[in-house]
Amino acid sequence: TLPRNFSFFEIEPKEIIFSCFKKANNDEHGLYYIRIYNPTDKTIEGKIKFLKSPDYVFEGTMEELFKKEVKYENGEIIFIAAPKKIITIGLKYF
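Here's what I pulled together on the structure shown here. Just so it is clear, the model here is predicted, and its values are computed rather than measured.

With that settled, consider the pattern of salt bridges. Oppositely charged side chains can form a pair if their charged atoms are brought close together. As enumerated under the stated definition, the model contains ten salt bridges in all. Of the charged contacts in the structure, one is a salt bridge between Glu64 and Arg35, with a shortest N-O distance of 4.0 Å. Linking Glu64 in the loop between β5 (56-60) and β6 (66-69) with Arg35 in strand β3 (residues 31-38), this pair joins segments that are 29 residues apart in sequence. You'll find Glu64 and Arg35 in the same group, each marked buried. Where Glu76 meets Lys47, a salt bridge forms, and the shortest distance between an N and an O atom there is 3.8 Å. Taken as a pair, Glu76 in strand β8 (residues 76-81) and Lys47 in strand β4 (residues 44-50) lie far apart in primary sequence, 29 residues in all. What you see here is one network of salt bridges that share partners, running through Glu12, Lys47, Lys49 and Glu76.

Okay, structure coming up:
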């Protein structure tokens, strides 16, 4: 039985807004995207913690293309969110 409150991932800090978690448009097996948004006027360092760690993590574009690798340590993605920007994070599970 699962606990009353359960999350597959957690996003910090609270200023970062979760937008979506979705399967890749190209239906590649095991590839998913998380989109987050920084609505503030300042640059924010944030992190995403996962229940099940992905095997590979990268920053992508809105078109779901590779942009750059993302720092991933101890089950956490560390990211920098520029003011008023959307970030697309690619997650690959093998």
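Back to the text.
With that out of the way, let us pick up the side chain of Lys92. Tracing the sequence through the fold places Lys92 in strand β9 (residues 85-92). In terms of polar contacts, Lys92 uses its side chain to reach the backbone carbonyl oxygen of His29, at 2.5 Å. Not counting chain neighbours up to four residues away, the residues in contact with Lys92 comprise Glu28, His29, Gly30, Leu31, Pro54, Asp55 and Tyr56.

The strand order across the open sheet formed by five strands is β2-β3-β9-β5-β6, and the pairing between neighbours is antiparallel. Edge positions in the sheet fall to β2 (17-23) and β6, since each has one partner strand and no second. Within this sheet the neighbouring strands show an average axis-to-axis angle of 30°, counted without direction. Bridge analysis of β2 against β3 gives six bridges, and the strand direction is antiparallel. Paired with Lys22 across the bridge in β3 is Tyr33.

Parameters and conventions
- Residues numbered from 1 in each chain as written.
- Predicted model: local features only at pLDDT ≥ 70, side-chain atom pairs only at ≥ 80, totals over all residues.
- Heavy atoms only, no water.
- Salt bridge = Lys/Arg side-chain N within 4 Å of Asp/Glu carboxyl O.
- Helix = DSSP H or I, 4+ residues; strand = E, 2+ residues; numbered from the N terminus.
- Buried < 20%, exposed > 50% of the residue type's maximum accessible area, 1.4 Å probe, protein only.
- Polar contact = N/O pair within 3.5 Å; in protein donor to acceptor, adjacent residues only side chain to side chain.
- Contact = heavy atoms within 4.5 Å.
- Pairing = 2+ DSSP bridges.
- Axes fitted to C-alpha atoms, helices over the stretch in contact; angles between N-to-C directions.

Everything listed here is a matter of geometry and, on its own, says nothing about what the molecule does.
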